Structure formats: structure tokens, C-alpha cells
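# A closer look at the structure
Listed below are the residues making up each chain.
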Amino acid sequence: NPSSGLTGSQQVRLSSLARDLACMNGLLLKDNPASSSSGSAAPDRCMMAPITLVPSSFSKEAFNQAVELQALFNSLYHRVSRDHNFLCRVIPPAAESDSFLSALWDMYQTVRQSGADQPITLALNRADYMLDEEAGLKQVEINLMASSFGGLAQRLSTVHRQVMSAAGVSERQLAHRLPDNRPAETFGEAFIQAFKLYGRPEAAILFVVSPDERNIFDQRTLEAEIYAADASSDSPVHVPQILRRSFDQIASSARLEESSGRLYLADQEVAIVYYRHGYSPDHFSDPAGVAWSAKLLMERSRAIKCPSLAYMLANTKAVQAALCEPGAVARYLPGKSAKVEATFVDQCVLSDSRAHRWLLADPEDFVLKPQREGGGNNIYGRDVVDFASRLTTRQSAAYILMRRIRPQQQVSLMLKADQRLSRRPEMPLCVSAISELGIYGALVAKNNSERLNCSAGHVLRTKSAFTDEGGVATGFSCIDTVYLV
């Protein structure tokens, strides 16, 4: 473990270097409006993103296993998203008592029945794993929407390499221990492939964003990589512009050309709609339904959606649990399902009789998950029993019960923006920590034909072993990279 052998004086010296390099490389978050007395952050104020001082140890064998699996997971979820009958079987029971999922399902059916022509897929995914102490590599979930931190992770790899070099680790060792990590660059290349398939070089790319986005530097890194991928391609298309708009802004300027299905913002055609916002009910909380109206307009267009409505439905916990049923993966990946299934843990819909048996045996060994993305929604241990006892059978169908993964702990040295309040702000925080590995993947397809399918780099998110809460923006987790052992 790179954290273990550093003396106090080395930690102070390397922390100062790492903070400087982090800021120099744009490892930043916008200030939190909630921390301001006015309730709004100054537009030019930012803070260092929480990071680890050095990379964390991770099994080389397990890491390579996760990288190898990513293309299979890309294909699996692409095929699931195109299986209407499967979605019809899995989604409605979960949506029956979940108003947000129900609204997405209704919109999916509306768009499908309209006959909108949407043959091109751009998928930018991230599969998340933990390394269980006994069972090995196990998947937490897969993210098909707003798979974040690829830009910051790419930059952190540069910072970690420089810090480790300053700590005296040889270049030969670094080449062996620190894998190449370019998620934003690979995502940029995928954008350009999809853009070319759309075939309208005068069109723009649209990022759908939060009006008070804090993780903007991660997104700006991806924007820069899109332009760079275009410039370095064999036949540059010279993407005219990348637009950033909230749902409110889209609603006020978007229009759909009914005859062609083309989407316009004012007079600018849009080739790709990339959602970094719109995965949570509170993103659609305006009473007038402006956000829902804007989304429906975009979904009815022929613009490439990343992700499409079908992908959003495939991204639900209900689908994750359904794919754990015997033979489910083999239907989509004949002859290759065993490798994928080896990473699954016990899980089922809460209304399933197995859930009752599991909770009677050991409630501390399980986590209850709703059909939500974005973190902070899960219920753990004995709280699951209390919560589940208040649900009807119908309501239970909206939750999945999943066996907890027990990763090995290791010492981590963390750097956070609020450490100035600690006794020794010049020192990193020394924490007994656990890590979650995210493997990025990119897929570009036209109907069932995959034009690009690859893994795209990694991120670790490392947090205290003694908290169930996560989240980088909330400060519970740090962005991290792997040191292969």
C-alpha cells in the first residue's frame, strides 16, 4: 500500500505538492451554494475536489478482470435496452408504486408509439465493483447515465504519477503499477464516432446540465476531449459548438421539426443530447412540468440521446435484479454469460419470497435499494427490516434487496478542501478506508450493429470504512486511482 511507508515529513511535503498539482490540473468543484450565507455561490469560486494523496492498492488480477468484462457489459445492456418485451415484463411492476419510474415508462411508450426514428446509440457507461474479502470482484451496479468523474480521474492519474515519482518510486515501477487511464479521451472519441454517424456536420452537441452544476470541470474536460478527438481524427467534422443548457433553457428555445424529426435550439440543429442531469425526481420537480415537457420534446426527435429512454429503463435496479435470474444473461450473451454472472451477488425484488428468508436469516448482510440513481437512497442493516415491514406487497416491488459486499480495508491518506479546520491542516487525513472501482465503457451502435465497444479507463472512489454514506461532492468519498498489486 503506497500510503503505509510515508513518514510524517514526507506526507507534509507530498500533500503540498498534490494540492498544487490538483489545482493546476483542474481537480476542482464549484463552491457549494448551501455553504454561502446568500444561498448562491460566486460564479468564479471553486474548491479542490476531495482526492487521495497517493493511489490505493488494488488486485491486478481483479482489475484486469473488470476491464475485460466491460465490453460484455456494454453489449449486454445495449441488447437489454432493445428488448421491448423484457422491459415490459420487468419495469411495470416496479413502476406501479414509483411515480418517477412510472413517468419514464409512460414517456418511453409514448415515444415508441410515435414511431420516432432513433437508430444510433451512444452509450457512456461505468460499471462499479467492490473487491469482496472472500468472494473476489463483485458488481455494485452499472451506470448508463451521467457516468461522472471520468475527466477528473484522467487528470488525477497525472497527479498521482507525479506525486509517486516525487516519493521516490521509479518510472519502471510506475509503468508496472499505474495503468493508462484516459476515460474522457475515449469518451470524446465515442462522441465523434456517433456525431459522424448522425451525418449532419453543421449540427451541435447539447449537454443537458443542472442550473447550479458543481462538477463542471469534469464536464469541461470531456468537452475539450471531444474537440481534440475531432481535430485528431482522419476526417475532422469540425463540430461547430457544444451547448450547455438546463431544462428551463431548453424549454424556452427548443423546437422539433415534425417533418424531419430534427431538434433545434433556436436555429441550431442538435445532433447529440448528452444528459448530465435528469436522473432523479428532484430534477423534474417544477410544478409546471417544464422539465418533463423539454425532455419529451428531445426524446421525440431523431437526435442521438445519451442515454435514451430505453437505456434509462435498462439502468434500473429492477433490471439489475432480473438479470440475476438463471439464464437471463445467457439470452443476450450466449456462451459468455458465466464471466459476467461471476460478478453478481444475491439480489431480488423485495416482494420475492427469497427476500423474506434472507432478512430473517441476517438483515445486517443486506442493503435495500430503490429505483434511483445518484447515491444517498439506500437503506442498510436492521433499518431494512423496519422499513420493509411498512410496505405493501405492491410497494415492495419497487425495491431490490442485495447482499452487501464486504471489501478489505486499507489505510488511505485523504486531501479535502475543509482540512484547514483540522488540528494539522498541512497533513493528510489518515483513514481506514474501502474503495469502489468504476470501469468506464463506451459503445456506439447503429441499430444492432456495434461500431465501437471498449473499456475506457477507471476511477476509484475511496471513503471511510465506517460510513455507509458516499458521494464525492458531499465530501464522504475521495476520487482515487489504482496501484496494481
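Looking at an unreviewed UniProt entry, one finds the protein named Glutathione synthetase and attributed to Macrostomum lignano. Turning to the protein, the UniProt record has this under Pathway (unreviewed entry): "Sulfur metabolism; glutathione biosynthesis; glutathione from L-cysteine and L-glutamate: step 2/2." UniProt lists a comment for the protein under the heading Sequence similarities (unreviewed entry), and it reads "Belongs to the eukaryotic GSH synthase family."

## A closer look at the overall build of the protein
Scanning the protein from terminus to terminus reveals 17 helices and 21 strands. Computed over C-alpha atoms, the radius of gyration of the protein comes to 22 Å, within 12% of the 23 Å expected from 2.2 N^0.38 for 485 residues, which places it in the range of a compact globule. Each principal axis of the C-alpha atoms in the protein carries an extent, and together these give about 70 × 60 × 55 Å. Across the 485 residues of the protein, 55% fall into the buried class. Counted over contacts in the protein with a minimum sequence separation of 6, partners at least 24 positions apart contribute 74%. Carbon and sulfur atoms form 48% of the exposed surface of the protein, whose accessible area is close to 20400 Å². Taking the 51 positively charged and 52 negatively charged side chains of the protein as two groups, their mean positions are separated by 2 Å.

## Brief notes about the nonpolar core
Ranked by size, the top nonpolar core spans 71 residues in total, and within it Leu 76 and Leu 323 carry the most contacts. With nine residues, the top contributor of residues to this core is helix α2 (residues 60-81). Each residue touching Leu 76, except ones within four places of it in the same chain, is listed here: Leu 323, Val 329, Tyr 332, Leu 333 and Val 340. In this structure, Ala 153, Ala 271, Ala 456 and Val 472 belong to the second largest nonpolar core, which totals 58 residues.

## Brief notes about the pattern of salt bridges
Between side chains of opposite charge, a pair can form as their charged atoms come close. Per the stated rule, a full pass over the model turns up 28 salt bridges. One salt bridge in this structure joins Glu 223 and Arg 244, with 3.2 Å as the shortest N-O distance. Taken together, the positions of Glu 223 in helix α8 (residues 216-232) and Arg 244 in strand β8 (residues 242-245) put the pair 21 residues apart, joining distant regions of the chain. Assigned by exposure class, Glu 223 and Arg 244 land together as buried. With a shortest N-O distance of 3.8 Å, Arg 262 and Glu 269 are connected by a salt bridge. Considered together, Arg 262 and Glu 269 belong to a single accessibility category, that of buried residues. Three or more residues joined by partner-sharing salt bridges are found here, namely Arg 126, Asp 128, Glu 436 and Arg 461.

## So, the UniProt feature "domain: Glutathione synthase substrate-binding" (unreviewed entry) in the protein
The positions that UniProt labels "domain: Glutathione synthase substrate-binding" (unreviewed entry) are, in the present scheme, residues 204-314. Overall, residues 204-314 shows 37% helix and 25% strand. The separation of its end C-alpha atoms is 27 Å.

## Quick word on the packing of aromatic side chains
Any two aromatic rings considered together are summarised by their centre-to-centre distance and by the angle between their planes. Under the defined criterion, the tally for this structure stands at 12 aromatic pairs. Centroid distance Phe 100 to Phe 284: 5.9 Å. Interplanar angle 45°. Geometry classified as tilted. Of the two residues, Phe 100 is situated in helix α4 (residues 99-114) and Phe 284 in the loop between β11 (268-275) and α10 (290-300); the sequence distance between them amounts to 184 residues. What makes Phe 100 buried here is its relative accessible area of 6%. Residues Trp 358 and Phe 366 carry aromatic rings whose centres are separated by 5.4 Å and whose planes lie at 10° to one another, so their mutual orientation is stacked. Per residue, the accessibility class of Trp 358 equals that of Phe 366, and both read buried. Three or more aromatic residues joined by ring pairs form one cluster here, namely Phe 100, Phe 247, Phe 284 and Trp 292. One Lys or Arg, Arg 255, reaches over the ring of Tyr 264 and ends 4.4 Å from the middle of that ring.

## Thoughts on helix α1 (residues 8-24)
Across its 17 residues, α1 extends 24 Å between first and last C-alpha, which sits within 8% of the 24 Å expected from 1.5 Å per residue. The set of residues buried in α1 consists of Gln 11, Leu 14, Ser 15, Ala 18, Leu 21 and Ala 22. The buried residues of α1 all sit within an arc of 140° when viewed along its axis, so they share a single face. Exposed side chains of α1 directed beyond 90 degrees from the buried face belong to Ser 9, Asp 20 and Met 24. In this fold, the buried residues of α1 make contact with β2 (46-48), β3 (51-52), α5 (150-166) and β17 (410-415). Downstream of α1 by a residue or two, Gly 26 has a phi angle that is positive, lying close to 75°.

Criteria and cut-off values
Residues numbered from 1 in each chain as written. Predicted model: local features only at pLDDT ≥ 70, side-chain atom pairs only at ≥ 80, totals over all residues. Heavy atoms only, no water. UniProt positions renumbered as here; feature names shortened; annotations may be inferred. Helix = DSSP H or I, 4+ residues; strand = E, 2+ residues; numbered from the N terminus. Rg over C-alpha atoms; globule rule 2.2 N^0.38 Å. Buried < 20%, exposed > 50% of the residue type's maximum accessible area, 1.4 Å probe, protein only. Contact = heavy atoms within 4.5 Å. Areas by Shrake-Rupley, 256 points an atom, 1.4 Å probe, with all protein chains shown as cover. Lys, Arg positive; Asp, Glu negative; His and termini not counted. Charge placed at Lys NZ, Arg CZ, Asp CG, Glu CD. Core = buried A, V, L, I, M, F, W, Y, C linked by side-chain atoms within 4.5 Å. Salt bridge = Lys/Arg side-chain N within 4 Å of Asp/Glu carboxyl O. Phe/Tyr/Trp six-rings, centres within 6.5 Å; stacked < 30°, edge-to-face > 60°. Lys NZ or Arg CZ within 6 Å of the ring centre and 35° of its normal. Expected span 1.5 Å × (residues − 1). Arc of directions from axis to C-beta.

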